[in-house]
Amino acid sequence: MWKRIFALIKKELLTVWRDKRSRFVLIFPPLIQLFVFSFAATLDVKNVPIGVLNLDNGERGHELVERLMGSPFFSRIVFLKGQQEIAPFINTMQGIMVVFIDQQFSRNLDTKKPADVQLILDGRRSNSAQIVAGYTSSIVNQYNDDFTKQNNIPQQNTTLIVRHWFNPNLLYYWFNVPSLSGILTLVVALILTSLSIAREKEIGTFEQLLVSPLTPFEIIIGKTVPAILIGMIEATVLLVIGTQVLHAPFRGSLFLFYASVFVFITSIVGVGLFASALAKTQQQAVLGSFVIMAPAIMLSGFATPIENMPYWLQPVTYLIPLRYYLVIAKGVFLKDIPAHLVWHNIWPMALIGFVTLSTSSWFFRRRLE
Amino acid sequence: MSLSIRRTKALIVKEWYQIICDPSSILISIVLPIILLFLYGFGVSLDLNKVNIGMVMEDKNAQDFVQSFTGSSYFNVTFANDRRELVDPLLAGKIRGFVVVPSYFSAYRNYVQKAPIQVITDGGEPNTANFVYNYAAQTWGKWLVQEKMAGKISGLPLINVQPRYWFNEALKSRNFLVPGSLAIIMTLIGTTLTALVIAREWERGTMEALMATPVCIKEILLAKLIAYYLMAIVSMICCVIGTTLFYGIPLRGSLLVLIGITSVFLLPALGTGLLISTTTKNQLAASQAAQVVGFLPAYMLSGFIFEIGSMPKIIQMITYIIPARYFVRSLLSIFLVGNVWSLLIQDTLIMLAVGLVIFGITSRIIVKRLD
């Protein structure tokens, strides 16, 4: 029995490796994606052009504008001449924000009266706009502190100090590399398994497999193991490039990493085999796995945290293996996560893998016998 | 051989039947858009409604400060006596940060020295970390105003920053995520589905069978493009209905302009699909290629979620030739602002140019292949 399974595994690996196109598909797209998206997928906002409308002729308005000009967040500052220029500037997306300083600004400040700075922001990009508003407020507050100190105006004396743990400079690629290593491994493992049986069906070699001495159980093992192997290799390549070339930190234990990658891929392969068993053609298999993949990635907590989702939707995420894997991946890369926390996230994946693998093998056996 | 309208029409009808009979086409043109719209409407949200944070109160005299956090609509606060208790939840992602009021807080407040309040966030989630800090700063600001009113402190910031968000006053990320996701749906139909369908004809050999009939290759491809164009437009109209009625997102521009700009975007999208299928002629490779040059750029490089200005310079250069970048911008404007002509005309011209270049390349490759 083991000899036969081994032969099938060898055959599977050879089919993938011999075909120039599938070899290409396994190697290049994931790497390109890792490189491009590690740096591109950033919700951070910097180098944005903004507009300034300064109607204040006094010194204070000028000082504040200089502070804004000195900030590295803004790539370019466009000076507007009148209020009628604000709407076209924002509408045509020339800048995400206009800082409006009114005529009273210097006069109010010099007489120690409160003064306003208005920010007009483009709500089409409300997330970025909020971040830009946050930056601007901190610049204005800094100016405010300096101004009050110089003029001996009494200040309140509490201060807020922030520390970002695990990623002190909030570098996005530190977050992206571990997440993408999971997502790209998922994509490869899922496409590979969902296509493997569908292709055999389409070409007609599936019948040949059936008339061979292999039992259905052996066929399933023979299809599962190569996919897991290739997925593990893929994860290793992504790990090496992510840490060595892209210089993301890896602070946790390699053993925990591989243990969770193994369980993660097994659960994905189970889903892929299931799609493969249902599909009649390769196209259906690809599209079917895409329909599974897109929601799985979106609801996994990668792009947006799970707690932002509506309460009724959150339980759905418990069914997604990627959800657990992302916690572990970020944990081992960035946080040196302890084993008991990894365990909390491994067993649900193992459970999902067990259920999907046994369902799809049941499904197969029923079809085959 | 010149193009024949009659033959092309017959081919379009054939394509149409093929679409209707193939469950996978239905899946991608109807089921997937519904799933995506649903997910972008509910699942993907950048608005933190309630962040779970921890609070360590080493100074028991700071009750009123703590109350401003527990009373805040931004936070869900769990208390701890020691910051070590909060490390595990932070590692596991159960809380996104914690606030520490140090034991010397009250003592410091009575001196010249500044009394510190610490905010620790989970840098593993940079966006959330930023928001936790921003929200904490806002809550702190509100607390200061209360303290001032109670006469406990004297000074307050003199300069007030007043942000005003146009077009999306309630700051719902859904209002920009859902219209932006239409660009992804159009890319899926225009590029991924078209690439797969044409690659399948090559792979199965039915393309040769078709070419043996009196129709010429241009008619075959044109018919396919027209069929998928029509399908995309139908899907677009369904999506608009869903977006405006179901999610209540305004459509401030006109529907006609929206369909016009969608048609313009479909030119490069369909062209890319055609180009992929003619170069790969294999479904597996076509699906991967469509993923890499179609879906993922539309998702990640279009400025739909991720800010283009923050990307490295080389990647920014790449985004200039990605049609989805212009389409996303136009979509957002048509939905949330109105017909901003100067922006729309610019985007139309660029997308047309990219589309023509792609079609130029494709037709050269096709002619070469047939010779």
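**Q** Kindly report on the overall build of chain A, identifying the contributing residues and their values.
**A** What chain A contains, in helices and strands, is 13 helices and five strands. Relative to a compact globule of 369 residues, whose C-alpha radius of gyration would be 21 Å, chain A shows 28 Å and is clearly more extended. Its C-alpha atoms give chain A principal-axis dimensions of roughly 95 × 45 × 40 Å. Within the span of chain A, comprising 369 residues, buried residues form 51% of the whole.

**Q** Outline the nonpolar core, listing residues and values.
**A** Among the nonpolar cores identified, the biggest contains 188 residues, and A:Ala189, B:Phe98, B:Ala183, B:Met186 and B:Ile189 are the most heavily contacted of them. With sequence-adjacent residues up to four places away left out, B:Met186 is seen in contact with B:Ala232, B:Met236, B:Thr262, B:Phe265, B:Leu266 and B:Ala269. Among the nonpolar cores identified, the runner-up in size contains 35 residues, and A:Leu53, A:Met97, A:Ile131 and A:Tyr135 belong to it.

**Q** Break down the packing of helix 3 (residues 59-69) of chain A against helix 6 (residues 126-150) of chain A for me, citing the residues and quoting the values.
**A** All names here are of chain A. Between helix 3 and helix 6, whose axes approach to 10 Å, the crossing angle comes to 135°. Here helix 3 is positioned oblique relative to helix 6, judged by the angle of their axes. Considering only the axes of helix 3 and helix 6, their crossing is right-handed. For the pair helix 3 and helix 6, contact is made by Glu63, Leu64, Arg67 and Leu68 and by Ile139, Val140 and Tyr143, respectively. Counted by class, the contact of helix 3 with helix 6 contains five nonpolar, no polar and two charged residues.

**Q** So what's going on with the domain arrangement of chain B? Residues and values would help.
**A** As assigned here, chain B comprises domain 1 (5-44 + 172-370) and domain 2 (51-149). Spacing between the C-alpha centres of domain 1 of chain B and domain 2 of chain B amounts to 47 Å.

**Q** So what's going on with the interface of chain A and chain B? Which residues, and what values?
**A** Taken together, the contact pairs 96 residues of chain A with 93 residues of chain B. Looking at side-chain class alone, the side of chain A that touches chain B contains 52 nonpolar, 33 polar and eleven charged residues. Bridge analysis of strand 4 (residues 115-122) of chain A against strand 5 (residues 159-166) of chain B gives eight bridges, and the strand direction is parallel. Its bridge partner being in strand 5 of chain B, A:Val117 is matched across the sheet by B:Val161.

**Q** So what's going on with the environment of B:Thr348? Which residues, and what values?
**A** Residues and elements named next belong to chain B. Checked against the element boundaries, threonine 348 lands in helix 14 (residues 341-370). Accessibility expressed as a C-beta count within 10 Å gives 17 for threonine 348, which makes it partly exposed. The spatial distance from the C-alpha of threonine 348 to the C-alpha of isoleucine 261 is 6.7 Å, given a sequence separation of 87 residues. Excluding anything up to four places from it in sequence, threonine 348 contacts Ile261 and Val264.

**Q** An account of the sheet that holds strand 2 (residues 74-79) of chain A is requested, with residue identities and associated values reported.
**A** Pairing is mixed across the open sheet formed by five strands, whose spatial order is 2(A)-1(A)-3(A)-4(A)-5(B). The open sheet has two edge strands with one neighbour each: strand 2 of chain A together with strand 5 of chain B. For this sheet the average axis-to-axis angle between neighbouring strands, irrespective of direction, equals 25°. Judged from the five bridges that link them, strand 1 (residues 48-54) of chain A and strand 2 of chain A form a sheet pairing that is parallel. In the sheet register, A:Val52 faces strand 2 of chain A, and the bridge partner there is A:Phe79. This element, helix 3 of chain A, spans strand 1, strand 2 and strand 3 (97-101) of chain A of the sheet and lies at about 175° to strand 1 of chain A. Contacting strand 1, strand 3 and strand 4 of chain A together with strand 5 of chain B, helix 6 of chain A runs over the sheet at an angle of about 165° to strand 5 of chain B.

**Q** Give me the lowdown on the sheet that holds strand 2 (residues 75-80) of chain B, citing residues and values where you can.
**A** Taken in spatial order, the five strands make up an open sheet running 5(A)-4(B)-3(B)-1(B)-2(B), and their pairing is mixed. A strand with exactly one partner marks an edge of an open sheet, and here the two such strands are strand 5 (158-165) of chain A together with strand 2 of chain B. When the angles between neighbouring strand axes are averaged without regard to direction, this sheet yields 25°. Note: strand 5 of chain A against strand 4 (residues 115-122) of chain B, eight bridges, orientation parallel. Counterpart to A:Ile161 in the pairing with strand 4 of chain B is B:Gln118. Each of strand 5 of chain A together with strand 1 (51-57), strand 2, strand 3 (97-101) and strand 4 of chain B touches helix 6 (residues 126-149) of chain B; the most contacted strand, strand 4 of chain B, lies at about 155° to it.

**Q** Can you lay out the domain arrangement of chain A for me, pointing to particular residues and giving the numbers?
**A** Domain parsing of chain A yields domain 1 (16-41 + 171-368) and domain 2 (48-150). With centres defined by C-alpha atoms, the gap from domain 1 of chain A to domain 2 of chain A works out at 47 Å.

**Q** Requested: an account of the environment of A:Tyr325, with residues and values cited.
**A** Residue and element names in this part refer to chain A. Here tyrosine 325 shows up in helix 12 (residues 321-335). For tyrosine 325, a count of 28 C-beta atoms within 10 Å puts it in the buried group. Measuring from C-alpha to C-alpha, the distance between tyrosine 325 and leucine 109 comes to 54 Å, with 216 residues separating the pair along the chain. If near-sequence neighbours (up to four positions away) are discounted, tyrosine 325 is found in contact with Gly182, Ser260, Phe264 and Met349.

**Q** Summarise the pairing of strand 1 of chain B; cite the residues concerned and give the values.
**A** All names here are of chain B. Inspection of the sheet shows strand 1 paired to strand 2 by six bridges, in the parallel sense. Across the sheet, the residue bridging to glycine 54 is threonine 78, located in strand 2. Handedness of the crossover is the feature at issue here: the chain leaves strand 1, passes through helix 3 (residues 63-70), returns alongside strand 2, and the resulting connection is right-handed. Relative to strand 3, strand 1 runs parallel, the two being bridged by four bridges. Looking at the pairing, glycine 54 lines up with phenylalanine 98 of strand 3.

**Q** Lay out unusual backbone geometry in plain terms, naming residues and giving numbers.
**A** Residue and element names in this part refer to chain A. Non-glycine residue methionine 93 carries a positive phi angle of around 60°. Examined against the element boundaries, methionine 93 turns out to sit in the loop between helix 4 (86-91) and strand 3. A positive phi angle is found at phenylalanine 166, which is not glycine, with a value near 70°. According to the C-beta neighbour criterion, phenylalanine 166 is buried, with 23 such atoms within 10 Å.

**Q** Break down the packing of helix 10 (residues 254-278) of chain A against helix 12 of chain A for me, citing the residues and quoting the values.
**A** Residues and elements named next belong to chain A. Look at helix 10 against helix 12: their axes get within 10 Å of each other, and the N-to-C directions meet at 165°. Relative to helix 12, the element helix 10 is oriented roughly antiparallel. In the packing of helix 10 onto helix 12, the handedness of the crossing is left-handed. Contact residues: Leu256, Phe257, Ser260, Phe264, Ser267 and Ile268 in helix 10; Pro321, Tyr325, Ile328 and Val332 in helix 12. Considered class by class, the residues forming the contact of helix 10 with helix 12 number eight nonpolar, two polar and no charged.

The rules behind the values
Residues numbered from 1 in each chain as written. Chains lettered and ligands numbered in written order. Predicted model: local features only at pLDDT ≥ 70, side-chain atom pairs only at ≥ 80, totals over all residues. Helix = DSSP H or I, 4+ residues; strand = E, 2+ residues; numbered from the N terminus. Rg over C-alpha atoms; globule rule 2.2 N^0.38 Å. Buried ≥ 20, exposed ≤ 12 C-beta atoms within 10 Å, placed from the backbone. Core = buried A, V, L, I, M, F, W, Y, C linked by C-beta atoms within 7 Å. Contact = placed C-beta atoms within 7 Å. Axes fitted to C-alpha atoms, helices over the stretch in contact; angles between N-to-C directions. Parallel < 35°, antiparallel > 145°, perpendicular 65-115°, else oblique. Left-handed = near helix turned anticlockwise from the far one by under 90°. Nonpolar A, V, L, I, M, F, W, Y, C, P; charged D, E, K, R; others polar. Domains from an automatic or database assignment. Pairing = 2+ DSSP bridges. Right-handed = clockwise from strand over helix to strand, strands pointing away.

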